[in-house]
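# Structural characterization, general
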Amino acid sequence: MTNEGKATPNKCTSETMTGLPQLTGIPVAVMVAALSLVGTSIAPSEESQYSLDNQSKDEKCLSQDVTMETEHVSQQVTQSTPAVHSDEKSTQDKDETASDIEKHQDTPKSRPVSELIKENILQQEKLKHPDLTKPLETKPNGVLEQVQTVKVAQMLAAFDSHKKSPEKALERKPSVRKDMFKRVVRASKFRHVFGQAVKNDQCYDDIRVSRVTWDSSFCAVNPKFVALIIEASGGGAFLVLPLHKTGRIDKAYPTVCGHTGPVLDIDWCPHNDQVIASGSEDCTVMVWQIPENGLVTNLSEPVVVLEGHSKRVGIITWHPTARNVLLSAGCDNLIIIWNVGTGEAMIQLEEMHPDVIFSACWNRNGSLICTACKDKTIRIIDPRKEEVIGEKEKAHEGARPMRAIFLSDGNIFTTGFSRMSERQLALWNPQAMDEPITVHEMDTSNGVLLPFYDPDTSVVYLCGKGDSSIRYFEITDEAPFVHYLNSFASKEPQRGMGYMPKRGLDVNKCEIARFYKLHERKCEPIIMTVPRKSDLFQDDLYPDTAGPDCAIEAEDWFEGKDGEPILISLKNGYVPGKNRDLKVVKKNILDNKLSNTTEKTGPANKCASSIVSTSNNNVNNLSSKLFHKMFLSHSLPFNHPSS
């Protein structure tokens, strides 16, 4: 019994001591020893073995120190431990180790590797610390094997959790992105609108664009002609080119050159594609009749001259539904509404604007106008009642020029600058002008934003003078109300911009807008297109649009009547017919309405400041009689009476 008691501790101690270094250097050594003892087919994965090898390098020094101390303590224990131990103590040790094994087996959850290493160190300390009376040999080999197999399972679970956690994250991310995609992306048929400049052979080259410091578009377009304000010596002039007249423009090409000062603004009549009005620094407004096939010689004789402003005239705009009604605004802070058919200034809006007027715009049916003034105030005016029905002070707090236009639903869209010189756009409700519906800040450029609005699609195009891009937004009833769509960018800055009416577009190519960008020496058309696979007519892109026919006459409008625009369909494309041209020509300045009115009223007009004249040479009575006879005979465009 004594020999057996002495031999057994030595055997157990040697086995335990040989296993302790391996238990301390947990990662790879324990797993290999446990697998060899248990005899199972479990093997660590390559990734876990690689990571455990890296950890074993860091713990190698610590394990060696602990091993040496443990061997030293074990030698002391074998020398000082009595050979015979009581059965009660051995039984208690067995119960304690069994309870420890059950605890380990009852915790299958994955735990960090650092905690497992700490537990092993604590167990080793228990072996070398106060329980020196405990015989180390009482631990059977099966207990050590079970403890080691439990540790391996826990470590594998710990490493597997690190592998599985990123996979779960990857599985959750796509769903979150899909939700964000659904929330951010708004369904719109104009979301993929793109702009494309035409080829060089379809541009208008060698044009001397005007350098006047005035914030107007310098360009006007209709389905027949494109008009461009150019540099001219000895007065103001502008070019009128047929749309098909592309390529290099000869310097000797005929111009419209009746003004004695630089031309500031031009606008085509919406009811006659051959009538254009112009405002100039010579304080006059002139209305011109362009030949059907374009100019052959210089045109210096206007159909009518409208005189009433005391300073330069910078804004010209035709009434959208009434024939022969023209609005002009000058730097004298005065707005005049003319009856072009009689040459009379029917309405003068005085003392409404204390400073320079930056912009003026009619609403959809022409019953109201909105203006933007240098005093940072937007005003809504009923011109026939000559009263302001709504205004907003400091709509944009910046000192740079503002622009204001009416939308088809009656709201007002403005562009301007903030106090920090950031460009802004805002949407206003005329019934509640205290606060804007929405305000957006764009950038810090100093170019004035020129808004162009398409009432059929509710898309606003913003073209900044000096910019090289065109931004476009869709206006809806959903917040944030003004939705950014896209932008067209080019290399060269724009000095002006012309906008084609909807009836002049190519519906077969899904063209929803066309701009004429003015460079320093060139005019470049830019086409905005909605990509569609079908070649059929797209009803949703081309609802019925305003046609060339007027809804009411000038006299009816001045009497208080209003008329909505007469709409036409673009399903078969817009092709101006001869009947329409003759009809419009008869009802315009070319018919006898002007001559009859002038004969009845005589020299005593309602406003003595308005004078009808054909040229500076037509001052004698004979020339004026010949002028009236030409109106009666429908012979416009006409030559000088001397011819």
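This one's a predicted model, so the numbers in the text were calculated from it and none came from an experiment. (Residues numbered from 1 in each chain as written. Predicted model: local features only at pLDDT ≥ 70, side-chain atom pairs only at ≥ 80, totals over all residues. Heavy atoms only, no water.)

Okay, the pattern of salt bridges next. Scanning all chains against the criterion turns up 17 salt bridges. A salt bridge links Asp273 to Arg503; the shortest N-O distance between them is 3.0 Å. Note that Asp273 is positioned in the loop between β8 (263–268) and β9 (275–280) and Arg503 in the loop between β28 (496–499) and β29 (511–518), a separation of 230 residues in sequence. Of the two residues, Asp273 and Arg503, both sit in the buried class. Glu281 is the partner of Arg312 in a salt bridge, and the nearest nitrogen-oxygen pair spans 3.3 Å. Separated by 31 residues along the polypeptide, Arg312 in the loop between β11 (304–307) and β12 (313–318) and Glu281 in the loop between β9 and β10 (284–289) bring together distant segments of the chain. Among the charged side chains, a network of salt bridges with common partners joins Arg423, Asp443, Asp467 and Arg471. (Salt bridge = Lys/Arg side-chain N within 4 Å of Asp/Glu carboxyl O. Helix = DSSP H or I, 4+ residues; strand = E, 2+ residues; numbered from the N terminus. Buried < 20%, exposed > 50% of the residue type's maximum accessible area, 1.4 Å probe, protein only.)

So, about the pairing of strand β27 (residues 482–489). The pairing of strand β26 (residues 469–475) with β27 spans seven bridges and is classified as antiparallel. Directly across from Ser469, in β27, lies its bridge partner Ala489. Remark: six residues form the turn of the hairpin made by β26 and β27, two consecutive strands paired antiparallel; Phe481 in that turn has positive phi of roughly 75 degrees. (Pairing = 2+ DSSP bridges.)

What follows concerns the sheet that holds β11. Reading across from one edge, β8-β9-β10-β11 is the order of the four strands in this open sheet, with antiparallel pairing throughout. Two strands in the sheet have a free side with no partner beyond their single neighbour: β8 and β11. For this sheet the average axis-to-axis angle between neighbouring strands, irrespective of direction, equals 20 degrees. Pairing of β8 with β9 involves five bridges; the strand directions are antiparallel. Bridge pairing in β9 places Asp265 opposite Gly279. (Axes fitted to C-alpha atoms, helices over the stretch in contact; angles between N-to-C directions.)

A few words now on unusual backbone geometry. Omega for the bond connecting Ala479 with Pro480 falls within 30 degrees of zero, at 5 degrees, which places this linkage in the cis form. Locating Pro480 in the fold gives a position in the loop between β26 and β27. Phi is positive for Glu351, which is not a glycine, with a value near 60 degrees. Its location among the elements puts Glu351 in the loop between β15 (344–349) and β16 (357–362). A positive phi is found at Glu386, a non-glycine position, where the angle reads about 55 degrees. With respect to the element layout, Glu386 can be found in the loop between β18 (377–382) and β19 (387–393). Glu386 gets classed as partly exposed once you look at its relative accessible area, which sits at 42%.

A few words on the packing of aromatic side chains. The geometry of two aromatic rings is summed up by the distance between their centres and the angle between their planes. Enumeration according to the criterion identifies 13 aromatic pairs in this entry. Relative to Phe515, the ring of Tyr461 lies with its centre 5.1 Å away and its plane at 70 degrees, an arrangement referred to as edge-to-face. Linking Tyr461 in strand β25 (residues 459–464) with Phe515 in strand β29, this pair joins segments that are 54 residues apart in sequence. Considering the side-chain rings of Phe537 and Tyr542, the 5.7 Å spacing of their centres and the 25 degrees angle between planes classify their relative orientation as stacked. Through a chain of ring-to-ring contacts, three or more aromatic side chains come together here, namely Phe452, Tyr461, Tyr472, Tyr499 and Phe515. Of note, Arg400 hangs over the ring of Phe417, and the distance from its end group to the ring centre comes to 5.7 Å. Stacked on the ring of Phe218, the Lys or Arg Lys465 has its end atom at 4.1 Å from the ring centre. (Phe/Tyr/Trp six-rings, centres within 6.5 Å; stacked < 30°, edge-to-face > 60°. Lys NZ or Arg CZ within 6 Å of the ring centre and 35° of its normal.)

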